[in-house]
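Chain by chain, the residues run as shown.
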Amino acid sequence: EPEVTQTPSHQVTQMGQEVILRCVPISNHLYFYWYRQILGQKVEFLVSFYNNEISEKSEIFDDQFSVERPDGSNFTLKIRSTKLEDSAMYFCASKEGVNTGELFFGEGSRLTVL
Amino acid sequence: AQSVTQPDIHITVSEGASLELRCNYSYGATPYLFWYVQSPGQGLQLLLKYFSGDTLVQGIKGFEAEFKRSQSSFNLRKPSVHWSDAAEYFCAVGAGGDDKIIFGKGTRLHILP
């Protein structure tokens, strides 16, 4: 069964360092998302992406964050200068089309900022 | 704005007992509604979804949920829980189209042997 894959599964970084989280969405999906879940808290929307541009972003998604789909396959989330409070599980999700509401999630990338 | 409320942070039931997890939503039109399950350290797996039609929807692992427009609710039920059902359950709402979905805070389910 097709699935969303994310790498790395766990990354530890020093505060101030840049981090890139990678996602390979399901191949025929057109809509892409990043969500964040701080330990023990709810899953929060970060950004949605369609047709090579951001559709919507939350207040969390400030100038330190960026997304891109450089090669038509990978969908990346970059955090330019990590802060302690960026420590969280980051989930990538994709959706097939406009008429399907279901998001398919990856297993997540756990980011630990020291 | 969309919002989802899961009033129970933790629920404990005995194995074999029935289960109902509550979810209330706020949304202007008919929403797309979802229940996802997350086992410890794992990703989010879709249990079931409601878009339109029959208000009682069946999902995987023996779960079902009922959409009640008058109560703005989408409660999740299972007639007999198994120890493997212990996990965190998230209700979510979306508008469809290219819209995001918004999650509730989750309900952690504990199963007593």
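Quick note: structure is the one above.
Here the structure is a predicted model, which means the values were calculated and not measured.

Please clarify how the overall build of chain B should be interpreted in this entry.
A count of helices and strands for chain B gives 0 helices and 12 strands. In chain B, the succession of α and β elements from N to C terminus is β-β-β-β-β-β-β-β-β-β-β-β. In terms of overall size, chain B behaves like a compact globule, its C-alpha atoms giving a radius of gyration of 13 Å where 113 residues would be expected to give roughly 13 Å. In chain B, 54% of the contacts between residues at least 6 apart in sequence involve partners at least 24 apart. When the accessible area of chain B is evaluated, it comes to approximately 5,200 Å², of which 49% is carbon and sulfur surface. In chain B, which carries 10 positive and 10 negative side-chain charges, the distance between the mean positions of the two groups comes to 3 Å.

I'm lost on the pairing of strand β10 (residues 87-94) of chain B in this one. Help?
Sheet faces and side chains relate simply in a regular strand, where the side chains alternate between the two faces. Residues and elements named next belong to chain B. Of all the 8 residues making up β10, 8 are buried; the element is thus mostly covered by neighbouring parts of the structure. Side chains of β10 alternate between two faces, with Ala87, Tyr89, Cys91 and Val93 and Glu88, Phe90, Ala92 and Gly94 buried alike. Both strand β5 (residues 32-38) and β10 contribute to a ladder of 7 bridges, which runs antiparallel. Bridge assignment links Trp35 to a residue of β10, and that residue is Cys91. As defined by bridge partners, β10 adjoins strand β11 (residues 101-103) across 3 bridges and the pair is classed as antiparallel. Of the residues in β11, the one forming a bridge with Ala92 is Phe103.

Would you explain the environment of Leu47(B) in this entry?
Residue and element names in this part refer to chain B. Structurally, Leu47 can be placed in strand β6 (residues 45-50). Residue class for Leu47 comes out buried when judged on its relative accessible area of 4%. Measuring from C-alpha to C-alpha, the distance between Leu47 and Asp85 comes to 12 Å, with 38 residues separating the pair along the chain. Contacts of Leu47, omitting those with residues within four sequence positions, involve Trp35, Tyr36, Val37, Gly59, Ile60, Lys61, Phe63, Leu76 and Tyr89.

Teacher, can you tell me more about the interface of chain B and chain A here?
By a widespread convention, an interface's size corresponds to the accessible area lost as its parts come together. If you look at the interface, chain B gives 21 residues, while chain A gives 21 residues. Viewed at the interface, chain A and chain B are joined by 2 salt bridges. The salt bridge involving Glu102(A) is made with Lys49(B); its shortest N-O contact spans 2.7 Å. Seen at the junction of chain B and chain A, the total is 6 residue pairs in polar contact (both at pLDDT 80 or more).

Would you mind showing me how to read the nonpolar core here?
Judged by nonpolar contacts, the single largest core of 27 residues is most densely connected at Leu19(B), Trp35(B), Leu47(B), Leu48(B), Phe74(B), Leu76(B) and Tyr89(B). Top element by residues in this core is β10(B). It accounts for 4 residues. Membership of the second largest hydrophobic core comes to 21 residues, among which are Val4(A), Ile26(A), Phe75(A) and Cys92(A).

Just to check I follow, could you spell out the side chain of Ser94(A) for this structure?
All names here are of chain A. Within the element layout of this structure, Ser94 appears in strand β9 (residues 88-95). A polar contact of 2.7 Å, which involves the side chain of Ser94, links it to the side chain of His29. With near-sequence residues (within four places) excluded, Ser94 lies in contact with Val4, Pro25, Ile26, His29, Tyr31, Phe32, Tyr33, Glu102, Leu103 and Phe104.

Looking at this structure, I do not really get the state of the cysteines. What am I missing?
Scanning the entire structure with this criterion turns up 2 disulfides over all chains. Each disulfide pairs two cysteine sulfurs, and for Cys23(A) the partner residue is Cys92(A), the sulfurs being separated by 1.9 Å. Taking the sign of the S-S torsion, about -65 degrees here, the bridge from Cys23(A) to Cys92(A) comes out left-handed. In this pair, Cys23(A) sits in strand β3 (residues 19-24) while Cys92(A) sits in strand β9, placing the two residues 69 residues apart along the sequence. For the pair Cys23(A) and Cys92(A), a shared accessibility class is recorded, and that class is buried. There is a disulfide in this structure between Cys23(B) and Cys91(B), and the S-S distance comes to 1.9 Å. Handedness here is read from the sign of the S-S torsion; for Cys23(B) and Cys91(B), about -65 degrees, the answer is left-handed. You can see Cys23(B) sitting in the loop between β3 (19-21) and β4 (24-26) and its partner Cys91(B) sitting in strand β10, a full 68 residues away along the chain. Overall, the relative accessible area of 0% leaves Cys23(B) in the buried class.

Calculation notes
- Residues numbered from 1 in each chain as written.
- Chains lettered and ligands numbered in written order.
- Predicted model: local features only at pLDDT ≥ 70, side-chain atom pairs only at ≥ 80, totals over all residues.
- Heavy atoms only, no water.
- Helix = DSSP H or I, 4+ residues; strand = E, 2+ residues; numbered from the N terminus.
- Rg over C-alpha atoms; globule rule 2.2 N^0.38 Å.
- Contact = heavy atoms within 4.5 Å.
- Areas by Shrake-Rupley, 256 points an atom, 1.4 Å probe, with all protein chains shown as cover.
- Lys, Arg positive; Asp, Glu negative; His and termini not counted.
- Charge placed at Lys NZ, Arg CZ, Asp CG, Glu CD.
- Buried < 20%, exposed > 50% of the residue type's maximum accessible area, 1.4 Å probe, protein only.
- Pairing = 2+ DSSP bridges.
- Salt bridge = Lys/Arg side-chain N within 4 Å of Asp/Glu carboxyl O.
- Polar contact = N/O pair within 3.5 Å; in protein donor to acceptor, adjacent residues only side chain to side chain.
- Core = buried A, V, L, I, M, F, W, Y, C linked by side-chain atoms within 4.5 Å.
- Disulfide = S-S within 2.5 Å.

Purely geometric stuff here, so don't read any function into it on its own.
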